Amino acid sequence: MTVFFCVGSEKSGTTLLARMLDQHPEVACLWESYAFRPGSRASIFNPDSEKWRRHGFSESDVRRWSRIWNAQPQAFFRRILSRFTGNSLYTTSCLRQTMPPALADFAGRCSASVAGDKWPGYIRYLGELLSVFPDARIIYNVRDPRALWNSAERFKDRRRGDELLNLMLENDERIRPYLERPNFLTVRYEELVCETEETVRQMYQFLGCDFSSRDLRYAPRDDPYPDRWSWVPTASGPIDPWHAIKWREQVSPADVERITAIASSFMDHHGYDR
């Protein structure tokens, strides 16, 4: 089974990217497992979460996976251990015991030969992730910082523009040393929504899947678990190129200038015109 992970930053378009991948009949993609945060109400490894139900996992499996994560030593001892080992051995061990069977189970129920997970948080755990899945394909989703800032400001009126902009820049510093590896692919949100067919073809090829134009259309009735995408309403709708450029009308010139100055290195590296 081919394994992949979609990473990026919040509001960079990772949910839409994951759904586009999942539309291929050979691909099954989890929506944000929160694998390294098993105590979160958003984790598929937390029996108290609704997330695992939306993916069709059995309660017995989730409880078994939860016991594995909860058997870790206390955080204090893990920090001491990491000073000597250089990585989180227990965290890696827990991921190795839980994520492969979770992916295999989900892929089997979706009749897929390619399985993955979309969660922006993986960027903080790339070392541990690649220790368990050294051959995994990693798809890194980036977005114009001005558009990301605008989306973060407006989404559910949370006004998180500066917060998520800074987080995006931190994440980019973390992942940039990996990007030249052959199992890493960078995808720009703007190309996904404006040059959809060419971009999706590239992603399918990266995962070893054949391309068909019929896979560009999302049909909820053919999705065994459509509730995965309900958190972001636009992610389950048709692709709209306007989302790539609406920041030009919605962000003030002063904020555009400020964001451009802050994110100039990111923009230059990923080919955004400033």
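Residues numbered from 1 in each chain as written. Predicted model: local features only at pLDDT ≥ 70, side-chain atom pairs only at ≥ 80, totals over all residues. Heavy atoms only, no water.

**Q** Break down the pattern of salt bridges for me, citing the residues and quoting the values.
**A** Applying the stated rule across the entire model yields 18 salt bridges. Note that Glu50 is salt-bridged to Arg53, the shortest N-O span being 3.6 Å. On the basis of relative accessible area, Glu50 is assigned to the partly exposed category, the value being 48%. According to the relative accessible area criterion, Arg53 is partly exposed, its value standing at 45%. Across the pair Glu153 and Arg159 runs a salt bridge, and its minimum N-O distance is 3.6 Å. Glu153 gets classed as buried once you look at its relative accessible area, which sits at 13%. Through salt bridges with shared partners, a single ionic network connects Glu10, Arg160 and Glu163. (Salt bridge = Lys/Arg side-chain N within 4 Å of Asp/Glu carboxyl O. Buried < 20%, exposed > 50% of the residue type's maximum accessible area, 1.4 Å probe, protein only.)

**Q** Got a sec to walk through the side chain of Arg146? Specific residues and values, please.
**A** Examined against the element boundaries, Arg146 turns out to sit in helix α7 (residues 145–154). At a separation of 2.9 Å, a polar atom in the side chain of Arg146 contacts the main-chain carbonyl oxygen of Asp273. Apart from the residues within four sequence positions on either side, Arg146 is in contact with Trp247, Val251, Val256, Ile259, Thr260, Met267, Asp273 and Arg274. (Helix = DSSP H or I, 4+ residues; strand = E, 2+ residues; numbered from the N terminus. Polar contact = N/O pair within 3.5 Å; in protein donor to acceptor, adjacent residues only side chain to side chain. Contact = heavy atoms within 4.5 Å.)

**Q** Can you tell me about the sheet that holds strand β5 (residues 184–188), naming the residues and giving the values?
**A** A sheet is described by the order of its strands in space; here five strands give the open sequence β2-β3-β1-β4-β5, paired in parallel fashion. Either end of the sheet is taken by a strand with one partner, and the two such strands are β2 (27–31) and β5. Put simply, the sheet's adjacent strands are angled 20° from each other on average, direction ignored. The pairing of strand β1 (residues 2–7) with strand β3 (residues 114–118) spans five bridges and is classified as parallel. Along β3, the bridge assignment pairs Phe4 with Gly116. Together, β1, β2, β3, β4 (137–142) and β5 form the strand contacts of helix α1 (residues 14–22), whose direction differs from that of β2 by roughly 150°. Packing of helix α5 (residues 89–109) onto the sheet brings it into contact with β1, β2 and β3, and relative to β2 it is tilted by some 125°. (Pairing = 2+ DSSP bridges. Axes fitted to C-alpha atoms, helices over the stretch in contact; angles between N-to-C directions.)

**Q** Residues and numbers for unusual backbone geometry, please.
**A** Phi at Lys11 is positive, roughly 70°, even though this residue is not glycine. Looking at the secondary structure, you find Lys11 in the loop between β1 and α1. The phi dihedral of Glu32 is positive, around 55°, even though this residue is not glycine. Note that Glu32 resides in the loop between β2 and α2 (51–54). Judged by relative accessible area, Glu32 falls into the buried class, the value being 11%.

**Q** Can you explain the environment of Met168? Please cite residues and give values.
**A** Within the secondary structure layout, Met168 lies in helix α8 (residues 161–175). C-alpha separation for the pair Met168 and Trp149, spaced 19 residues apart in sequence, amounts to 9.8 Å. If we skip the residues at most four places from it in the chain, Met168 touches Ser9, Arg143, Pro145, Leu148 and Phe266.

**Q** Lay out the pairing of β3 in plain terms, naming residues and giving numbers.
**A** Of all five residues in β3, five are buried, a share of seventy percent or more. Neither face of β3 is open: one carries Val114, Gly116 and Lys118, the other Ala115 and Asp117, and all of them are buried. As judged from the five bridges shared by β2 and β3, these two strands associate in the parallel manner. In the strand pairing of β3, Cys29 is matched with Gly116.

**Q** Now, about the packing of α7 against helix α13 (residues 253–262): what can you tell me, with residues and values included?
**A** The N-to-C vectors of α7 and α13 enclose an angle of 120°; their axes lie 9 Å apart at closest approach. When the axis of α7 is compared with that of α13, the two are oblique. Classified by chirality, the crossing of α13 by α7 is right-handed. Residues Pro145, Arg146 and Trp149 of α7 lie in contact with α13, whose contacting residues are Asp255, Val256, Arg258, Ile259 and Thr260. Among the residues making up the contact of α7 with α13, the classes are represented as four nonpolar, one polar and three charged. (Parallel < 35°, antiparallel > 145°, perpendicular 65-115°, else oblique. Left-handed = near helix turned anticlockwise from the far one by under 90°. Nonpolar A, V, L, I, M, F, W, Y, C, P; charged D, E, K, R; others polar.)

**Q** Could you give an account of the packing of aromatic side chains, with specific residues and numbers?
**A** As enumerated under the stated definition, the model contains 16 aromatic pairs in all. Consider the rings of Phe36 and Trp69, whose centres lie 6.2 Å apart with planes at 80°: the pair is edge-to-face. With Phe36 in the loop between β2 and α2 and Trp69 in helix α3 (residues 59–70), this residue pair connects regions lying 33 residues apart in the sequence. Residue classification places Phe36 among the buried positions, given a relative accessible area of 7%. Residue classification places Trp69 among the buried residues on the basis of a relative accessible area of 3%. (Phe/Tyr/Trp six-rings, centres within 6.5 Å; stacked < 30°, edge-to-face > 60°.)

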